[in-house]
Amino acid sequence: MKYYRQFARISVALAALVAAHPLLAQEQAPAAEDTASEAESTEIVVTARRREEKLQDVPIAITAIGGAQLDSRGFDGVTDVGQVAPNLQFTPGQGGNSGGVSAFIRGVGENDFIITSDPAVALYIDGVYVARSFGATTELLGIDRIEVLRGPQGSLFGKNTIGGAISVVSRVPTGDRIEGDIRYGSFNDFRLRANVEAGLSDNLSIGVAALGEWGEGWQKVPSGKNLGNRNVQAGRLTLHYDASPIDAVLTVDGLRRRQNSTPHSMLSFTPTFFSGLQSGFIAPCCTAPGSINRTDTTDFLNRDDTDSANATLTLSADLGAGTLKSISAYRWVHAIFGRDGDASAAVNYAGDIHDESARQISQELQYATSLFDRGTLLLGAYYFREKSRDDTTLYVADGLYPRLIAAGFDPALATALDFNIDFANRQKTTNYALFGNATFDVTDALTLELGARYTWEKKVWNQAAMRIYSQQPLLAGMPSYRLSEDWKAFTPRASLSYKFSPDILGYVSWSRGFRSGGFNGRPTSVEEIGSYDPEYLTAYEAGLKTTLGGLVTLNLSAFRNDYKDQQLLISTVSPNTGLIVVRTDNAGKSRIQGIELEADVRVSRELRLSGSFGYLDAKYLRYTSVIGGVPTDVSFRNPKQAPDLTASGSIVYSTALSGSVDASFRLDAAYRSLTWIDVENSPLMRAPDHAILNASAEFTLPAKGLSLRLAVDNLTDKRVLTAGYDASTSFGFVEGYFNEPRRYWATLSFRR
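Everything numeric here is computed off the predicted structure, so don't read it as measured data. (Residues numbered from 1 in each chain as written. Predicted model: local features only at pLDDT ≥ 70, side-chain atom pairs only at ≥ 80, totals over all residues. Heavy atoms only, no water.)

(A) View of the overall build of the protein chain. Each helix and strand counted, the protein chain has seven helices and 43 strands in total. Expected size for 752 residues packed as a compact globule is a radius of gyration near 27 Å; at 27 Å, the protein chain falls within 12% of this value. Principal-axis analysis of the C-alpha atoms places the extent of the protein chain at approximately 90 × 55 × 55 Å. The buried share among the 752 residues of the protein chain stands at 56%. Taking as baseline every contact in the protein chain between residues at least 6 positions apart, the subset at least 24 positions apart corresponds to 68%. With an accessible surface of roughly 30,000 Å², the protein chain has 58% of that area assigned to carbon and sulfur atoms. Of the charged side chains in the protein chain, 73 are positive and 83 negative, and the gap between their average positions amounts to 2 Å. (Helix = DSSP H or I, 4+ residues; strand = E, 2+ residues; numbered from the N terminus. Rg over C-alpha atoms; globule rule 2.2 N^0.38 Å. Buried < 20%, exposed > 50% of the residue type's maximum accessible area, 1.4 Å probe, protein only. Contact = heavy atoms within 4.5 Å. Areas by Shrake-Rupley, 256 points an atom, 1.4 Å probe, with all protein chains shown as cover. Lys, Arg positive; Asp, Glu negative; His and termini not counted. Charge placed at Lys NZ, Arg CZ, Asp CG, Glu CD.)

(B) Looking closely at the state of the cysteines. If you walk through the whole model with that rule in mind, you get one disulfide. What pairs with Cys285 in a disulfide is Cys286, and their sulfur atoms sit 1.5 Å apart. Overall, the relative accessible area of 13% leaves Cys285 in the buried class. With a relative accessible area of 13%, Cys286 lands in the buried category. (Disulfide = S-S within 2.5 Å.)

(C) A look at the pairing of strand S22 (residues 446–467). Two elements, strand S21 (residues 421–441) and S22, share 21 bridges in a ladder whose sense is antiparallel. By the bridge assignment, Leu434 is partnered in S22 with Tyr454. (Pairing = 2+ DSSP bridges.)

(D) Structural detail: the sheet that holds strand S42 (residues 733–738). Taken in spatial order, the three strands make up an open sheet running S16-S42-S41, and their pairing is antiparallel. Where the open sheet ends on each side, the last strands, each with one partner, are strand S16 (265–269) and strand S41 (721–727). For this sheet, the mean inter-axis angle between neighbouring strands, taken without regard to orientation, is 20 degrees. Relative to S42, S41 runs antiparallel, the two being bridged by six bridges. When the sheet's bridge partners are listed, Gly724 is paired in S42 with Gly736. (Axes fitted to C-alpha atoms, helices over the stretch in contact; angles between N-to-C directions.)

(E) Region of the structure containing the packing of aromatic side chains. Inspection of every chain in the model, using the stated rule, returns 19 aromatic pairs. Measuring from centroid to centroid gives 6.4 Å for Trp487 and Phe519, while their planes differ by 50 degrees, and the two rings are tilted. Of this pair, Trp487 sits in strand S23 (residues 480–501) while Phe519 sits in strand S25 (residues 518–519); the two residues are 32 residues apart in sequence, bridging distant segments of the chain. As far as burial versus exposure is concerned, Trp487 and Phe519 are alike and both buried. Across the ring face of Tyr129, the terminal group of Lys159 is positioned such that the distance to the ring centre comes to 5.1 Å. (Phe/Tyr/Trp six-rings, centres within 6.5 Å; stacked < 30°, edge-to-face > 60°. Lys NZ or Arg CZ within 6 Å of the ring centre and 35° of its normal.)

(F) Spotlight on the pattern of salt bridges. In the structure shown here, the tally under the stated rule is 42 salt bridges. Of the charged contacts in the structure, one is a salt bridge between Asp112 and Arg522, with a shortest N-O distance of 2.8 Å. Of this pair, Asp112 sits in the loop between strand S6 (108–109) and strand S7 (121–125) while Arg522 is found in the loop between S25 and strand S26 (531–532), placing the two residues 410 residues apart along the sequence. Ionic pairing is found between Arg171 and Glu179, a salt bridge with its closest N-O pair at 2.4 Å. The structure contains a network of salt bridges with shared partners spanning Asp76, Asp181, Arg183, Asp189, Arg191, Arg193, Glu213, Arg230, Glu740 and Arg743. (Salt bridge = Lys/Arg side-chain N within 4 Å of Asp/Glu carboxyl O.)

(G) Molecular detail of the pairing of strand S32 (residues 607–622). In terms of strand pairing, strand S31 (residues 589–602) meets S32 through 14 bridges, oriented antiparallel. Within the sheet, the bridge partner assigned to Ala599 lies in S32 and is Gly611. Linking two consecutive strands that pair antiparallel, namely S31 and S32, is a turn of four residues. Taken together, the nine bridges between S32 and strand S35 (residues 645–656) define a ladder with antiparallel strand orientation. Paired with Ser610 across the bridge in S35 is Ser650.

(H) Local environment of the side chain of Thr63. Tracing the chain through its elements places Thr63 in strand S3 (residues 62–66). For Thr63, a relative accessible area of 6% translates into the label buried. A polar contact is formed between the side chain of Thr63 and the side chain of Arg150, at a distance of 2.8 Å. Every residue in contact with Thr63, bar those within four places of it in the chain, is listed here: Ala85, Pro86, Ile146, Glu147, Val148, Arg150 and Glu598. (Polar contact = N/O pair within 3.5 Å; in protein donor to acceptor, adjacent residues only side chain to side chain.)

(I) Region of interest: the sheet that holds S3. Read across the open sheet, the five strands follow the order S3-S9-S10-S7-S8; overall the sheet is mixed. The open sheet has two edge strands, S3 and strand S8 (128–130), and neither has a second partner. The mean angle between the axes of side-by-side strands here comes to 20 degrees, regardless of whether they run parallel or antiparallel. In the sheet, S3 pairs with strand S9 (residues 143–150) via five bridges, with the strands oriented antiparallel. Residue pairing in the sheet places Ile62 in a bridge with Leu149 of S9.

(J) Summary view of the environment of Val78. Tracing the backbone through its elements, the reader meets Val78 in the loop between helix H4 (67–73) and strand S4 (88–91). Looking at Val78, the relative accessible area reads 2%, which means it is buried. A sequence separation of 118 residues divides Val78 from Val196, and the C-alpha atoms of the two residues are 22 Å apart. Sequence-distant contacts of Val78, defined by excluding residues within four places in its chain, comprise Phe90, Val101, Leu123, Thr138, Ile146, Ile166 and Val168.

(K) Looking closely at a positive patch on the surface. Positive charge collects at one region of the surface, where Lys387, Lys428, Lys458 and Arg482 lie side by side. Take Arg482: it is sitting in strand S23. (Patch = residues over 30% accessible without salt bridge, like charges linked within 9 Å, V, L, I, M, F, W, Y side chains within 5 Å.)

(L) How the structure looks around helix H5 (residues 273–281). Looking at H5, one finds that the buried residues are Phe274, Ser275, Leu277 and Gln278. Within H5, the buried residues cover an arc of 155 degrees as seen down the axis, which keeps them to one side. More than 90 degrees from the buried face of H5, the exposed residues found are Phe273 and Gly280. Contact partners of the buried residues in H5: S16 and helix H6 (400–406). (Arc of directions from axis to C-beta.)

(M) Representation of a nonpolar patch on the surface within the structure. Together, Phe372, Phe440, Val442, Leu448, Leu450, Leu496 and Val508 line one region of the surface with nonpolar side chains, adding up to about 610 Å² of accessible area. If you trace the backbone, Val442 turns up in the loop between S21 and S22.

(N) Layout of unusual backbone geometry. Cis geometry marks the peptide bond from Ser244 to Pro245; its omega dihedral reads 10 degrees. Relative to the assigned elements, Pro245 resides in the loop between strand S14 (230–243) and strand S15 (246–259). Cis peptide bonds are those with omega within 30 degrees of zero, and the linkage from Cys285 to Cys286 qualifies with 10 degrees. Mapping Cys286 onto the fold places it in the loop between H5 and strand S17 (304–318). Positioned with a positive phi, Asp717 is a non-glycine residue whose angle comes to about 55 degrees. Tracing the backbone through its elements, the reader meets Asp717 in the loop between strand S40 (706–713) and S41.

What follows is the structure, given as structure tokens:
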């Protein structure tokens, strides 16, 4: 509670300071004259409440990064935003896939890629919920901004989300524009990007964006292709028709990725029963590489391929009394990716390869109107349907079954030890929802906001699992099965905001979040077949948004999340089969609270400082997990991906080097305190506190619109564990995923 008392004192003092000095803006005016136009150009307009508003006028904890800032920082995609937003973590794609976007906001998130798992933090692209992020095209030019909304979302968004939302908003073409860049960097990485916008008539505009990137991998594989390479091509076509009262935007985009697996490392190895079978009947295994920059892999598992095709049609009609908006979308993605867990090309002791595809359609309708000339009313309806497929082959001591049969073992025993398995997984998800949100100005300064959502979701799950060599079902007597469940929830929201002055906004809010249940997609015995429950979150928040004299922006927020039946992915060993069990548990009850601060200071015309700070206090209040068949109290564990402290800072110095050349020098830092990577708090699954530094210099060249950017990412070459998997009690190894090593870049850009 002491942190909240401190937050309250700071907020009141700050509000009183500015309120007591109404001439502050006038006193600062002379210093601001030279930078006024520049400051205005960086003022971000967001659509977090489904209408255009200045960021500082929105009573929501939100971080927004505009297109110019994305370019200045050299951000490639969505996951880079984790370097600047407080209490935001991203985990890399696991299982060998590099395209997944797995986010944790305020300790709430999900990083399992299996099709039975839905994200706790949703990704939206141009208002469309993305269920499977493998094929998301977020690296193209033409991004207007990226918004990070913290806390449950539902009364304003088509698809509900319990932890928060990351919204990527593309620029809508309205006239003539051309931009492009060529980048070359470490590991022979070469990237080309272009975006062209043009008016075809008075009412019709077109935008075309394309990207191609190729590069060598940073994790060396002596027997074959390096991991972490880049080979991706993407494109987007946008048509914009604007003739009152109709506004229409059609977007079609696609992606093709042909890469090697995501870099992963065996951190340690301890012989187990499984590895003993491998070493005794097939070939010795295993040895952990001495460096995270080096590994080995079986060639057919070294794969990360993705194809996607997406289309969105957004229609808006001004009906006079209000505006009717329709968002229709179709998304398709197909990915094949694998990983080799034994770090060897000589044996195939542990590995898996996944062939996944998903098709989703969604339809959203919104009606927005004025509310008694003192507010706004938004009413919405939403439909979502996804059909997903996952064909997975699991390799464990590949070839053991025929060796046991040849050695004279009982076929029944050899079958029980045949852990090479083909899984055929299918899921169909259907979601219907009604939602609404209303704002009402009680006075000129006080605004009341009420919202609510009713969600109904149904999932149908089918699985067949067959042992490859013995051709017997994994689950004795059950070659396949089908499960069906549905859930519903009412999730309201309320907030009060008060304008202390035109430049100071305070707010308090309360909201409920919901994430539907699902199915255990990895059962190793009949007893493990089943579903897990939905999870619920109640969020309380208070915040203050301030702009001081047009030169200083300071935003504060304090929050508390009460989490019920939190869904957590755990790993253990089945007491019945001896196989590793990976399943989702409902944690019971947990509490997450904290404080966030974001600041931007224009010190002078040349110097600008910005930064963020996040404090997180997360703990389980009640958590009982079944370990070895015994219910066990594990509420003492630390929640994963919930570091106590996160912080970022940037220093930008801009100056004229000559009459035709300007320069901008920047240094960016991102800090994370100790972070637990897995639910079990395995000793090797923890990332120590660390800071990542990036530095860059950008020069505008004499040719109009041309600039050169020189940069180094991860300046000190700090290597940090970001995700991992502890299989020491079953397969014997602990696997980790690390951030990229130091990289140097040179980018030549053209914008006009």
